[in-house]
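# A structural walkthrough
One-letter residues, chain by chain:
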Amino acid sequence: MAIRKKSNKNPPVLSHEFIVQNHADIVSCMAMIFLLGLMFEITAKAAVIFVTVQYNVTIPATEEQSAETISLYHYGIKDLATIFFYMLVAIIIHAVIQEYILDKINRKMHFSKTKHSKFNESGQLSAFYLFSCVWGTSILVSENYISDPTSLWRDYPHTLIPFQMKFFYILQLAYWFHAFPELYFQKTKKEDIFRQIVYIGLYLFHIAGAYLLNLTHLGLVLLVLHYFVEFLFHISRLFYFSDERYQKGFSLWAVLFVLGRLLTLILSVLTFGFGLARAEDQQLNFSTGNFNILAVRISVLASICMAQAFMMWKFINFQLRRWREHSSSQPQSVKKKFVTAKGKTSRKERENGINGTVTSNGADSPRSRKDKSS
């Protein structure tokens with residue numbers, strides 16, 4: 001579906017402004033080419049690599065497990081093509097949410113430029129986090145990962161995963177890869193580009209690491225936990241922009257943020273320090289996808305701990321900044337109240353006399369007595 005942003009200007013074709021204004025149309029045409037390729041026998045084999053999930057393995061049915069065959073999936077180089085196609089889809093969905101939901105709210109609320117960009121960021125991320133949390137939780141429940149925590153490390157390496165889990169990881173990588181061109185499409189400020197690149201890079205590094213090292217079970221649990229906390233922050237910021245007196249959501253988010261970091265560290269230490277450390281097979285084997293060696297375990301655990309420490313450092317700075325803003329605003333409000341009270345007292349003094357003593361129409365004042373004597 002073509003998405004056209006309204007503009008009175010007609011920039012030159014293939015100019016920067018033209019690409020920014022019509023990027024959703026351009027990307028929609030690119031995605032349509034892959035879909036049309038499925039309709040023709042000559043191009044169908046190539047188009048399938050981009051549109052559908054690859055590397056499926058059919059496991060025959062057994063009497064003990066089930067009467068139906070099971071299709072499981074592993075990763076490979078062709079996943080890059082699938083990620084590219086769904087990256088295009090993510091750009092289209094991003095443009096739809098921006099134009100038909102967020103822009104309409106922005107026009108009604110009349111936000112400033114700073115609030116406008118932050119509102120758009122929180123609106124996009126809250127929608128993605130909510131979708132990922134619901135989908136990830138359904139996978140955890142259906143695969144019984146919540147009821148059995150030992151499944152995080154039992155039967156490692158997890159080279160064969162269900163369709164839902166593989167598609168989940170494909171879309172996660174596609175979404176965060178799509179955030180790079182969005183920096184150009186959304187005309188991100190130069191001072192914010194580095195922060196956004198670090199933010200996106202951390203997600204891609206950890207998601208791709210869990211996917212390639214066959215730690216998909218642990219990665220899914222940690223992603224759902226992290227996404228839920230982040231969703232609460234961004235939805236609270238949306239409510240705060242509509243009403244600045246709303247602070248309850250941030251208080252709840254602060255508590256859950258600390259608990260989320262603590263739970264992440266506990267699950268990671270249990271998986272790498274207890275579960276995988278006691279596994280029988282601890283030899284590096286690329287053919288079987290086994291990366292359970294001491295160096296890899298220490299590196300992955302250190303990466304998780306550093307990421308949690310980085311987020312806690314950012315969280316503490318954020319809370320200190322809020323505390324300073326709140327403490328600096330209190331003296332100003334007290335000063336305003338004092339000035340107002342002083343103004344009311346002086347007005348009363350002018351009406352009733354000095355120190356509250358009432359004079360009878362000013363007849364007993366020193367000035368009036370002097371005038372009478374003269």
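Conventions we followed
Residues numbered from 1 in each chain as written. Predicted model: local features only at pLDDT ≥ 70, side-chain atom pairs only at ≥ 80, totals over all residues. Heavy atoms only, no water. Helix = DSSP H or I, 4+ residues; strand = E, 2+ residues; numbered from the N terminus. Buried < 20%, exposed > 50% of the residue type's maximum accessible area, 1.4 Å probe, protein only. Patch = residues over 30% accessible without salt bridge, like charges linked within 9 Å, V, L, I, M, F, W, Y side chains within 5 Å. Areas by Shrake-Rupley, 256 points an atom, 1.4 Å probe, with all protein chains shown as cover. Salt bridge = Lys/Arg side-chain N within 4 Å of Asp/Glu carboxyl O. Lys, Arg positive; Asp, Glu negative; His and termini not counted. Charge placed at Lys NZ, Arg CZ, Asp CG, Glu CD. Expected span 1.5 Å × (residues − 1). Contact = heavy atoms within 4.5 Å. 1 Å grid on protein atoms, 1.4 Å probe; cavity = no way out; pocket = protein on both sides within 12 Å on 5 of 7 lines; lining within 4 Å. Points joined across faces, edges and corners; volume = space filled by probe spheres on them. Nonpolar A, V, L, I, M, F, W, Y, C, P; charged D, E, K, R; others polar. Axes fitted to C-alpha atoms, helices over the stretch in contact; angles between N-to-C directions. Parallel < 35°, antiparallel > 145°, perpendicular 65-115°, else oblique. Left-handed = near helix turned anticlockwise from the far one by under 90°. Bend = angle between axes of the 7 residues up to and from the residue. Core = buried A, V, L, I, M, F, W, Y, C linked by side-chain atoms within 4.5 Å. Phe/Tyr/Trp six-rings, centres within 6.5 Å; stacked < 30°, edge-to-face > 60°.

Attention now goes to the environment of L35. One can find L35 in helix α2 (residues 23-37). Under the relative-accessibility criterion, L35 is labelled partly exposed at 37%.

A cluster of basic residues, K118, R195, K314 and R321, forms a positive patch at the surface. You can see K314 is positioned in helix α10 (residues 294-352).

Along its 23 residues, helix α7 (residues 190-212) runs 33 Å from first to last C-alpha, staying within 8% of the 33 Å computed at 1.5 Å per residue. Residues of α7 that are buried: Q196, I200, Y203, L204, I207, A210 and Y211. Structurally, α7 contributes buried residues whose contacts are with α4 (79-109), α5 (113-142), α6 (163-185) and α8 (216-242). Of the residues one or two after α7, N214 is the one with positive phi, at around 60 degrees.

Turning next to empty space enclosed by the protein. As enumerated under the stated definition, the model contains 2 cavities of 30 Å³ or more in all. Of the pockets and cavities examined, the largest cavity occupies roughly 50 Å³. Lining the largest cavity are Y156, L213, L215, F272, L276, F291, N292, V296 and R297. Considering only residue class, the lining of the largest cavity consists of 7 nonpolar, 1 polar and 1 charged. There is about 40 Å³ of room inside the second largest cavity. Surrounding the second largest cavity, Y73, H74, Y75, H158, T159, I161, Y211, N214 and T216 form its lining. Along the lines of polarity and charge, the residues of the lining of the second largest cavity split into 4 nonpolar, 5 polar and no charged.

For the rest of this paragraph, the subject is unusual backbone geometry. A negative phi angle characterises most non-glycine residues, just as the trans form characterises most peptide bonds. Note the cis peptide between Y156 and P157, where omega equals 5 degrees. With respect to the element layout, P157 can be found in the loop between α5 and α6. In this structure, Y55 is a non-glycine residue whose phi angle is positive, near 65 degrees. Tracing the sequence through the fold places Y55 in the loop between α3 (41-51) and β1 (56-59). The exposure class of Y55 is partly exposed, given its relative accessible area of 22%.

The subject of this paragraph is the packing of α7 against α8. Packing of α7 against α8 brings their axes to within 9 Å, and their N-to-C directions diverge by 155 degrees. For the element pair α7 / α8, the angle class is roughly antiparallel. The element α7 and its partner α8 pack so that their crossing is left-handed. Between α7, through Y199, Y203, I207, A210 and Y211, and α8, the contact on the second element is made entirely by T216, G219, L223, H226, Y227, E230 and H234.

Here α6 is 23 residues long and its end C-alpha atoms lie 32 Å apart, about the 33 Å a rise of 1.5 Å per residue gives. Along α6, the helix axis deviates most sharply at A179, where the bend reaches about 30 degrees; the proline P181 sits within four residues downstream. By the criterion of burial, α6 is predominantly enclosed, with 17 of the 23 residues buried. Backbone geometry just after α6 places K187 at a positive phi near 55 degrees.

Once that is clear, we can look at the packing of α5 against α8. Closest axis-to-axis distance for the α5/α8 pair is 7 Å, and the angle between their directions is 145 degrees. Considering only the axes of α5 and α8, their crossing is left-handed. Grouping the amino acids of the contact of α5 with α8 by side-chain chemistry returns 16 nonpolar, 7 polar and 5 charged.

Time to look at the nonpolar core. Residues Y86, Y129, Y169, W176, I207, L220 and Y227 are the most contacted members of the largest nonpolar core, which totals 58 residues. Breaking this core down by element, the ones donating at least two residues are α2, α4, α5, α6, α7, α8, α9 (248-275) and α10. The dominant element in this core, judged by the number of residues it contributes, is α6, at 12 residues. If sequence neighbours within four positions are ignored, I207 has contacts with Y169, Q172, L173, W176, L223 and Y227. Judged by nonpolar contacts, the second largest core, of 8 residues, contains V229, A254, F257 and F315.

This part is about the packing of aromatic side chains. Summed over all chains, the structure comprises 39 aromatic pairs. Centre to centre, the rings of W135 and F168 are 5.4 Å apart; their planes meet at 75 degrees, and the pair counts as edge-to-face. You can see W135 sitting in helix α5 and its partner F168 sitting in helix α6, a full 33 residues away along the chain. Considered together, W135 and F168 belong to a single accessibility category, that of buried residues.

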